[in-house]
Amino acid sequence: FSFNFLEDGSIPTSHPGQWQSILRVLGEVRALESALLSETCQPTGEIGKSGLHALASWQDGVATLMVDNAESRTAKATLRLPAGASVDVLFEDRTLRVGPDGAVGEDFAPLERHVYRLAMPGSPLSLDPSSWIEVAGGNVSVRGGVDAD
């Protein structure tokens, strides 16, 4: 991928869709700036052989969990978060309501990512994504830094 600006610094009008995609991604990165630059930001490599990767951070009573599917096949995950929590799924205009057992099922299309943000007034037990995510039988369980058992 490459994108060439015109000599005057303007954007070529021949690729408006590409430019809109670039602006969308830059807007998302800007919205995640504090989470990405937080001292608590903890990324992980591939989780088992699931194709899922995660990054977790906690700042000022807010936890952010980013999970992406880097594969060309679908993946399923179970998020285990504080019971009764309300979780905003950023950039998707939806909210998850966590049930009394703390479990929320999510599907990941090929190359899809979800970004979750929830209030956690107390510091989570762990922000290491490997403690948030377990892989068993091809399914992935994401543990929200709390004791979900």
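Reading guide: rules and limits
- Residues numbered from 1 in each chain as written.
- Predicted model: local features only at pLDDT ≥ 70, side-chain atom pairs only at ≥ 80, totals over all residues.
- Heavy atoms only, no water.
- Helix = DSSP H or I, 4+ residues; strand = E, 2+ residues; numbered from the N terminus.
- Buried < 20%, exposed > 50% of the residue type's maximum accessible area, 1.4 Å probe, protein only.
- Contact = heavy atoms within 4.5 Å.
- Areas by Shrake-Rupley, 256 points an atom, 1.4 Å probe, with all protein chains shown as cover.
- Pairing = 2+ DSSP bridges.
- Salt bridge = Lys/Arg side-chain N within 4 Å of Asp/Glu carboxyl O.

Caption draft 1: Local environment of the overall build of the protein. Tallying secondary structure elements over the protein gives 3 helices and 10 strands in all. When burial is assessed residue by residue, the protein has 36% of its 149 residues classed as buried. Long-range contacts, defined here as pairs at least 24 residues apart, represent 52% of the contacts in the protein between residues at least 6 apart. Surface summary for the protein: the accessible area is close to 8,600 Å², and the carbon and sulfur share equals 52%.

Caption draft 2: Up close: unusual backbone geometry. Positive phi is not limited to glycine here, since F91 has a value of about 70°. Position of F91 relative to the elements: it lies in the loop between β5 (86–90) and β6 (94–97). Positioned with a positive phi, D93 is a non-glycine residue whose angle comes to about 55°. Given a relative accessible area of 82%, D93 falls into the exposed group.

Caption draft 3: Looking closely at the pairing of strand β7 (residues 103–108). Every second residue of β7 is oriented toward a common face, the buried set being V104, E106 and F108 and the non-buried set A103, G105 and D107. The pairing of strand β4 (residues 75–80) with β7 spans 6 bridges and is classified as antiparallel. Directly across from K76, in β7, lies its bridge partner D107.

Caption draft 4: How the structure looks around the pattern of salt bridges. Inspection of every chain in the model, using the stated rule, returns 6 salt bridges. Among the salt bridges present, the one from R94 reaches E106, with a minimum N-O distance of 2.7 Å. Of this pair, R94 sits in strand β6 while E106 sits in strand β7, and the two are 12 residues apart along the sequence. Judged by its relative accessible area of 28%, R94 is partly exposed.

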